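# Overview (structure and organization)
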Amino acid sequence: RPAGPDPPPAASDVRKAFDTYATAASATAPPPAADLYAAFEAFAVQRNPPAAPTAVKVREVFQAHDLNRSGSLDKKELRSALKALGVDATGTQSAALLARYDADGSGELSRTEFS
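In this text, all values refer to a predicted model and were calculated from it rather than measured experimentally.

## So, the overall build of the protein
- Per the secondary structure count, the protein includes six helices and two strands.
- In sequence order, the secondary structure elements of the protein are arranged as α-α-α-β-α-α-β-α.
- In the protein, which comprises 115 residues, the proportion classed as buried is 31%.
- Within the protein, residue pairs in contact and separated by at least 24 positions form 54% of the contacts whose partners lie at least 6 positions apart.
- For the protein, the computed accessible surface area is about 7,200 Å², with 56% contributed by carbon and sulfur atoms.

Structure follows, in structure tokens:
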């Protein structure tokens, strides 16, 4: 095998990791979150190669998907925004991302949290 970074995980591996996380969320011992987020980030890079969204693109996507103009994205709006950025997340995956990045615990992502 040639030297270099490991190839990104397959979409099915990422979905399995998210499903494991969602299932284990009610269990006493959560799954290794670092593995889950590393898999998602690798998958996101695979889906959005180095031409990652610029700050302007992220702001535009946020504004376009904040349908109720609340200044934050709920789970449904987040899922739609992720899709616009090239990440086809399930409802469960969107909820897991929302829980992970919702720093203020509001149940929604502000533009700062989304960035």
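Alright, that's what it looks like, and here's the rest.
## A word on helix α4 (residues 75–84)
- Among all positions of α4, only Glu 77, Leu 78, Ala 81 and Leu 82 are buried. Projected down its long axis, α4 shows its buried positions confined to an angular sector of 135°, all on one face. When the buried face of α4 is taken as reference, the exposed residues oriented beyond 90 degrees from it are Lys 76 and Lys 83.
- Where α4 is buried, its residues touch α3 (55–65), β1 (72–73), α5 (91–101), β2 (109–110) and α6 (111–114).
- One side-chain oxygen of the residue at the start of α4 lies 3.1 Å from the amide nitrogen of Lys 76, identifying that residue as Asp 74.
- Phi turns positive, to about 95°, at Gly 86, one or two residues after α4.

## Some words on unusual backbone geometry
- The phi dihedral of Arg 69 is positive, around 55°, even though this residue is not glycine.
- Topologically, Arg 69 is positioned in the loop between α3 and β1.
- Relative accessible area serves as the criterion here: at 60%, Arg 69 is assigned to the exposed category.

## Some remarks on the nonpolar core
- One finds Leu 73, Leu 78, Leu 82, Val 87 and Phe 114 to be the most contacted residues of the largest nonpolar core, which totals 16 residues.
- When residues of this core are traced back to their parent elements, those giving at least two are α2 (33–47), α3, α4 and α5.
- With residues up to four places along the chain from it excluded, the contact list for Leu 82 reads Val 87, Ala 89, Ser 94 and Leu 97.

## Thoughts on the side chain of Glu 113
- Mapping Glu 113 onto the fold places it in helix α6.
- One buried charged residue, Glu 113, remains without a salt bridge, the closest side chain of opposite sign being Arg 100 at 11 Å.
- A distance of 3.0 Å separates a polar atom in the side chain of Glu 113 from the backbone nitrogen of Asp 104.
- Looking at Glu 113, its side chain comes within polar contact range of the main-chain nitrogen of Ser 110, at 2.8 Å.
- With residues up to four places along the chain from it excluded, the contact list for Glu 113 reads Tyr 101, Asp 102, Ala 103, Asp 104 and Glu 108.

Analysis parameters
Residues numbered from 1 in each chain as written. Predicted model: local features only at pLDDT ≥ 70, side-chain atom pairs only at ≥ 80, totals over all residues. Heavy atoms only, no water. Helix = DSSP H or I, 4+ residues; strand = E, 2+ residues; numbered from the N terminus. Buried < 20%, exposed > 50% of the residue type's maximum accessible area, 1.4 Å probe, protein only. Contact = heavy atoms within 4.5 Å. Areas by Shrake-Rupley, 256 points an atom, 1.4 Å probe, with all protein chains shown as cover. Arc of directions from axis to C-beta. Polar contact = N/O pair within 3.5 Å; in protein donor to acceptor, adjacent residues only side chain to side chain. Core = buried A, V, L, I, M, F, W, Y, C linked by side-chain atoms within 4.5 Å. Lys, Arg positive; Asp, Glu negative; His and termini not counted. Salt bridge = Lys/Arg side-chain N within 4 Å of Asp/Glu carboxyl O.

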